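Fold and contact review
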Amino acid sequence: VLDAGPNNGKLFCISPLSLKNETVPVTIALDGETFTPTPDCIVESHRCFVYVSPLVITRVYPTLGPVQGGTPITIVGSGFYVIGGVQGLCKFSSTVRDYVTPMTFVDRAHFKCLSPNIAGDIYDFRITGNGVDYEQIPIRFQSYEHPTLVAGEGDAVNPIGSPLKGGTSVTI
């Protein structure tokens, strides 16, 4: 579909099915017959399209963090990849809005991202390796306000110490 609107000059289409991981050249024919020259995907990778297997997410941790953000989140799975010039993303969605943070490729089984500064709530957590198609994973991320320890006159941590071996019950 040729867009004559605000994105004038851009062509939008849906990628066809591929049965394997591969890089394919992108060509167009506005008249349906005369195609643009086929690019060499090694030299002109920006004119090619990469098919990859879906990401498989097996674990995300931690699944909670403070509202101030900055909690390092590790995504574990398989089929992770990097496409040059494409930023993977983590999305935290509530009924009010979405928060998106950059995702970092660690290796073929790990991605990392940081939680954003968000209101205290429970968010749907999703990732995308290509910056567009988000994986459907049943993960929730909960943000919370850090508790403040307040001790009035006469209140205290009890007991105030413990043997090195630990195991002491502490009342706060």
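Residues numbered from 1 in each chain as written. Predicted model: local features only at pLDDT ≥ 70, side-chain atom pairs only at ≥ 80, totals over all residues. Heavy atoms only, no water.

1. Some remarks on the overall build of the protein chain
Each helix and strand counted, the protein chain has 0 helices and 10 strands in total. In the protein chain, the order of α-helices and β-strands from amino to carboxyl end is β-β-β-β-β-β-β-β-β-β. Against the compact-globule benchmark of 16 Å for 172 residues, the protein chain has a radius of gyration of 24 Å, which places it well outside the compact range. Principal axes of the C-alpha set define a box for the protein chain whose edges measure 85 × 40 × 25 Å. For the protein chain, buried positions account for 28% of its 172 residues. Once local pairs closer than 6 in sequence are excluded, the contacts in the protein chain between residues at least 24 apart make up 50%. Looking at the protein chain as shown, the accessible area adds up to about 12,100 Å², and 57% of this sits on carbon and sulfur atoms. Side chains of the protein chain carry 11 positive and 15 negative charges; the gap between the two charge centres is 7 Å. (Helix = DSSP H or I, 4+ residues; strand = E, 2+ residues; numbered from the N terminus. Rg over C-alpha atoms; globule rule 2.2 N^0.38 Å. Buried < 20%, exposed > 50% of the residue type's maximum accessible area, 1.4 Å probe, protein only. Contact = heavy atoms within 4.5 Å. Areas by Shrake-Rupley, 256 points an atom, 1.4 Å probe, with all protein chains shown as cover. Lys, Arg positive; Asp, Glu negative; His and termini not counted. Charge placed at Lys NZ, Arg CZ, Asp CG, Glu CD.)

2. A look at the packing of aromatic side chains
Overall, the coordinates contain 5 aromatic pairs when judged by the stated rule. A ring pair is formed by F92 and F125, whose centres lie 5.2 Å apart and whose planes are at 65°; its orientation type is edge-to-face. Of the two residues, F92 is situated in strand β6 (residues 89–93) and F125 in strand β9 (residues 122–128); the sequence distance between them amounts to 33 residues. Of the two residues, F92 and F125, both sit in the buried class. A ring pair is formed by Y99 and Y123, whose centres lie 5.9 Å apart and whose planes are at 80°; its orientation type is edge-to-face. Here the residue Y99 occupies a position in strand β7 (residues 98–107), and Y123 occupies one in strand β9, the gap between them amounting to 24 residues. Comparing Y99 with Y123 shows no difference in burial state: the two are buried. (Phe/Tyr/Trp six-rings, centres within 6.5 Å; stacked < 30°, edge-to-face > 60°.)

3. Some remarks on the state of the cysteines
Working definition: the covalent bond between the sulfur atoms of two cysteines is a disulfide. Under the criterion given, the structure shown has 2 disulfides. Note that C41 is cross-linked by a disulfide to C48, the S-S spacing being 2.1 Å. Disulfide C41-C48: torsion about the S-S bond near -100°, hence left-handed. A residue is classified by how much of its surface remains accessible, and C48, at 14% relative accessible area, is buried. Covalently, C90 is tied to C113 through a disulfide, its sulfur atoms 2.4 Å apart. (Disulfide = S-S within 2.5 Å.)

4. Considerations on the sheet that holds strand β3 (residues 56–61)
Spatially, the 8 strands line up as an open sheet ordered β3-β5-β8-β7-β6-β9-β10-β4, and their pairing is mixed. Unpaired on one side and paired on the other, β3 and β4 (64–66) mark the two borders of the sheet. Recorded for the sheet is a direction-independent mean angle of 30° between the axes of neighbouring strands. One ladder, built from 5 bridges, connects β6 with β7; its direction is antiparallel. Along β7, the bridge assignment pairs K91 with V100. (Pairing = 2+ DSSP bridges. Axes fitted to C-alpha atoms, helices over the stretch in contact; angles between N-to-C directions.)

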